[in-house]
Amino acid sequence: MHIESKNIFHDFSTESGDLPVLRDLSFSVAKGAFIALVGPSGCGKSTITKLLSGLLQPKKGEVLISGEKVINPRSSIGMAFQNPVLLEWRNVLDNITLPLEIVAKSSSVGKRKARARELLKLVGLTEFETSKPSELSGGMKQRVSLCRSLVHKPELLILDEPFGALDAFTKEDLWQTMHQLKREENFTCILITHDLREAVFLADEIIVLTGRPAKVQYKLEVALGKHRKIEDLYSTKTAKTIAMLRKQIEIGQAR
Ligand SMILES: Nc1ncnc2c1ncn2[C@@H]1O[C@H](COP(=O)(O)OP(=O)(O)O)[C@@H](O)[C@H]1O
Ligand SMILES: [Mg+2]
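Residues numbered from 1 in each chain as written. Chains lettered and ligands numbered in written order. Predicted model: local features only at pLDDT ≥ 70, side-chain atom pairs only at ≥ 80, totals over all residues.

The topology assignment puts N186 in the loop between α5 (168-184) and β8 (188-193). Overall, N186 belongs to the exposed group, with 10 C-beta atoms counted inside 10 Å. With 123 residues separating them in the primary sequence, N186 and V63 have C-alpha atoms 21 Å apart. (Helix = DSSP H or I, 4+ residues; strand = E, 2+ residues; numbered from the N terminus. Buried ≥ 20, exposed ≤ 12 C-beta atoms within 10 Å, placed from the backbone.)

What follows covers the pairing of β8. Most of β8 sits out of view: six of its six residues are buried. The side-chain alternation of β8 yields two buried faces, one formed by T188, I190 and I192 and the other by C189, L191 and T193. When strand β3 (residues 34-38) meets β8, the two strands line up parallel, connected through five bridges. From the neighbouring strand, L37 faces β8, where its bridge partner is I192. Pairing analysis gives five bridges linking strand β7 (residues 156-160) to β8, with the strands arranged parallel. Residue pairing for β8: I158 is matched across the bridge by I190. This β-α-β element, β7 to α5 to β8, shows right-handed connectivity. (Pairing = 2+ DSSP bridges. Right-handed = clockwise from strand over helix to strand, strands pointing away.)

On to unusual backbone geometry, then. Residue R212 is joined to P213 through a cis peptide bond whose omega torsion reads -5 degrees. With respect to the helices and strands, P213 occurs in the loop between β9 (205-209) and β10 (216-221). A positive phi angle is found at K153, which is not glycine, with a value near 50 degrees. Along the chain, the position of K153 falls in the loop between α4 (138-150) and β7.

If you check the shell around ligand 1, you find F12, T14, L19, V21, S41, G42, C43, G44, K45, S46, T47 and R212 and nothing else. Secondary structure elements with two or more residues in the shell around ligand 1: β1 (3-14), β2 (17-29) and α1 (45-52). (Near = placed C-beta within 6 Å.)

Here we come to the sheet that holds β8. Across the sheet, six strands lie side by side as β6-β7-β8-β3-β9-β10; this open sheet has mixed pairing. Among the strands making up the open sheet, the edge pair consists of β6 (77-81) and β10. Pairwise comparison of adjacent strand axes, ignoring direction, gives a mean angle of 15 degrees for this sheet. For β6 and β7, the ladder comprises five bridges, and the chain directions are parallel. Directly across from G78, in β7, lies its bridge partner L157. In the packing of α1 onto the sheet, contacts are made with β3, β7, β8 and β9, and the angle to β7 comes to roughly 155 degrees. Against the sheet, helix α7 (residues 236-254) touches β3, β9 and β10, its axis set at about 25 degrees to β9. (Axes fitted to C-alpha atoms, helices over the stretch in contact; angles between N-to-C directions. Contact = placed C-beta atoms within 7 Å.)

Moving on: α5. Because the α-helix completes a turn every 3.6 residues, residues three or four places apart line up on one side. With 17 residues, α5 should reach 24 Å at 1.5 Å per residue; the first-to-last C-alpha distance of 25 Å fits that figure. When α5 is considered as a whole, its buried residues turn out to be K171, L174, M178 and L181. In a view along the axis of α5, the buried residues occupy a sector of 75 degrees, so they form one face of it. Across α5 from its buried face, at more than 90 degrees, point the exposed residues F169, R183 and E184. Residues of α5 that are buried in the fold lie against α3 (109-122), α4 and α6 (196-202). (Expected span 1.5 Å × (residues − 1). Arc of directions from axis to C-beta.)

This is the structure:
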């Protein structure tokens, strides 16, 4: 297994006492897999991303990546969030190369730019490399954010609701771009989402979490095959899968 979350317990200290957020959370992700974590708002999903990336240490239990315990932030991870947070004074290309300026200081400027251009081509934004973030639509900004999260060729990509603020059509475009990126770049992906269609369209496996404190309620292998088309989202099979996931979320929330 590539990534293992082993019996994780986590709580936050608040003014009104300890808030239990994760309770005996265990799951594993094979190398190259695409996993979606779904669960009710506030159940602890973003906390899980912080534990996986080493930004936070669990109170009990451990996270292992390639058998190694995660004890501090790692450069072999890429992350993207709902808010793309691009630097307004840098153009698109220079926003994407930013992580390389930090983790690959010795690489030449030419190499960094070539890598950023490779990704811009994959997401269809070649003509916008000199644009400023303010000149881009929400969907375009999110494409740039995805390029930035992948520029250093991370082993693991963690996506925390990156498509959450986009309109339905833009979302579907981005989902297809995600498949394209996954095919071309060799990463393992953990997607946090509350959108069940998104989870079904993108993931190989979906993990449903209970309400807080979160643990695994249900796991489902998505039976849609590797090459998915937007039409697959409107099939009876998909509708049935989504209905089943919804049911499990209700059960998990009641616990
Ligand atoms: N640093 C923190 N200090 C105290 N409470 C926190 C902190 N971060 C998150 N929480 C609380 O932990 C719970 C889970 O948060 P989060 O992981 O962000 O949930 P989700 O991403 O599933 O919506 C929420 O109740 C939130 O208020
Ligand atoms: Mg969150």
